[in-house]
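Okay, here's what each chain looks like letter by letter:
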Amino acid sequence: MKGGGSASVRPNGSVRSIDRGGMHIEHGVRGGRTVVSERNGARIVTRGRGGYVQRAYVTRGGRSYYSRTYYDHGVYRTGVYRGYYYGGRPYYGYYAPYYYHPGFYAWGYQPWGAPVYWGVGAWGWGGAPWYGFYGGYFAPYPYYASPAFWLTDYLLASSLQAAYAARSEANADAVAADAQASNEGGGGGGADRPAAASGAVTLTPEVKQAIAEEVKAQLAAQQAEAAQTGGGGNAQAAAPASGQVPPALDPAQRTFVVDADVTVVANGQECALTAGDVITRLTDTPDADQTVNASVAASKKTDCASGQTVAVKVDDLQEMYNHFQEQLTNGMGELAKKQGTGGIPKAPDTGTTASDVPPPPPDNTAAKTLQDQQAAADQAETQVKQETAASGGGGAQ
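Everything numeric here is computed off the predicted structure, so don't read it as measured data.

**What to know about the nonpolar core**
- Trp130, Phe138 and Trp150 are the most contacted members of the largest nonpolar core, which has 47 residues in total.
- Elements that contribute at least two residues to this core include exactly strand E10 (98–100), helix H1 (102–109), helix H3 (129–133), helix H4 (147–183), helix H5 (205–227) and helix H6 (314–338).
- With 10 residues, the single largest contributor to this core is H4.
- With residues up to four places along the chain from it excluded, the contact list for Trp130 reads Trp125, Phe138, Ala157, Leu160, Gln161 and Tyr164.
- Val264, Val296, Cys304 and Leu317 belong to the second-largest nonpolar core, a separate cluster that totals 22 residues.

Here it is in structure tokens:
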């Protein structure tokens, strides 16, 4: 790029990535954009119309903690992440704002005395657009033998709701872009509008069982953390100390539920994974590009095919794991509300203890910071397109 920086352009002329002035821009194969930069001590990440600003927060016991202020569609939320290093690279692990008393975690992964018949009606999914759209991919268990299976459906449903919302937003953007192109005399291919999925359920019992086993393992780990005298919260397992293998690479951690649109590479070709897809990590050591191999265990019909081996970034795996931890915390909260009702057995003590690192108030400058980054990314992309056109096209493979 003139003035410094570099860009990679796909053969069809679309921008794949740009690196300039400490800012990394990456477009997924489906067109979604992620922008990451470090500026004035803050890590700024935008994805689609939202994103987060991460800043140093506190140091406890020699460990560094970071605050994240998420901003999306006018709504702020905050979270705490613990920083640590492995292989000379930084990772950030979700740190829960509270943890339950140990008995509730044990109840969460042990079998119920009798199966609990819940159903779509009890979940409140009947008539929901996302549920109809993914009816060919996901179906809840007919009954639950333990809370872990209830939580499995909760986690998957939450991911699919997010996938549907992201798809709907992308479709709206595509419609707007298509209308603009038509008004300017350009061609229009039409938006990729949602259509009801078809075929057999792709999330097989085996895949769901793998997720349920991961739920059980995490609840057991959280129970152990909660039982520690003066424990610092149930997320300790999600953020190992410096030198320990992060969850993204932990040999005991293999199953990951995709949390957002991710572009991966299979047999030298790019393909997409979307929220609710499931992958199994195969290798434990990152390559020079900081990717590891994974097998696609379950995917929707327009995503990377099930059974393919794909190269996925370790950072993406870590964020999948973080999201899993956050959703598991939320799911336990829902179970705490519903225990003793609707056929769900009564749980033991559902009390909570606050984390030793409480969440901070929102950074009210985050919206402006994210907006400025989006504007800078737009400017860089405009330059790349102009330079590509001036050179006669010719994208990088």
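**Focus: the sheet that holds strand E3 (residues 23–27)**
- Taken in spatial order, the nine strands line up as E1-E2-E3-E4-E5-E6-E7-E8-E9 in an open sheet, and their pairing is antiparallel. The open sheet has two free edges, formed respectively by strand E1 (6–9) and strand E9 (89–95), since each of these has just one partner strand. Pairs of neighbouring strands in the sheet enclose a mean axial angle of 20 degrees, with direction left out of account.
- Across six bridges, strand E4 (residues 33–39) lies against strand E5 (residues 42–47) in antiparallel orientation. Of the residues in E5, the one forming a bridge with Val35 is Thr46.
- Along the sheet, H6 makes contact with strand E7 (63–72), strand E8 (75–86) and E9, crossing E9 at roughly 10 degrees.
- Strands E1, strand E2 (15–20), E3, E4, E5, strand E6 (50–60), E7 and E8 of the sheet are contacted by helix H7 (residues 366–390), whose axis makes an angle of about 115 degrees with E4.

Cut-off values and rules
Residues numbered from 1 in each chain as written. Predicted model: local features only at pLDDT ≥ 70, side-chain atom pairs only at ≥ 80, totals over all residues. Heavy atoms only, no water. Core = buried A, V, L, I, M, F, W, Y, C linked by side-chain atoms within 4.5 Å. Buried < 20%, exposed > 50% of the residue type's maximum accessible area, 1.4 Å probe, protein only. Helix = DSSP H or I, 4+ residues; strand = E, 2+ residues; numbered from the N terminus. Contact = heavy atoms within 4.5 Å. Pairing = 2+ DSSP bridges. Axes fitted to C-alpha atoms, helices over the stretch in contact; angles between N-to-C directions.

Any functional reading would require information beyond the geometric quantities listed.
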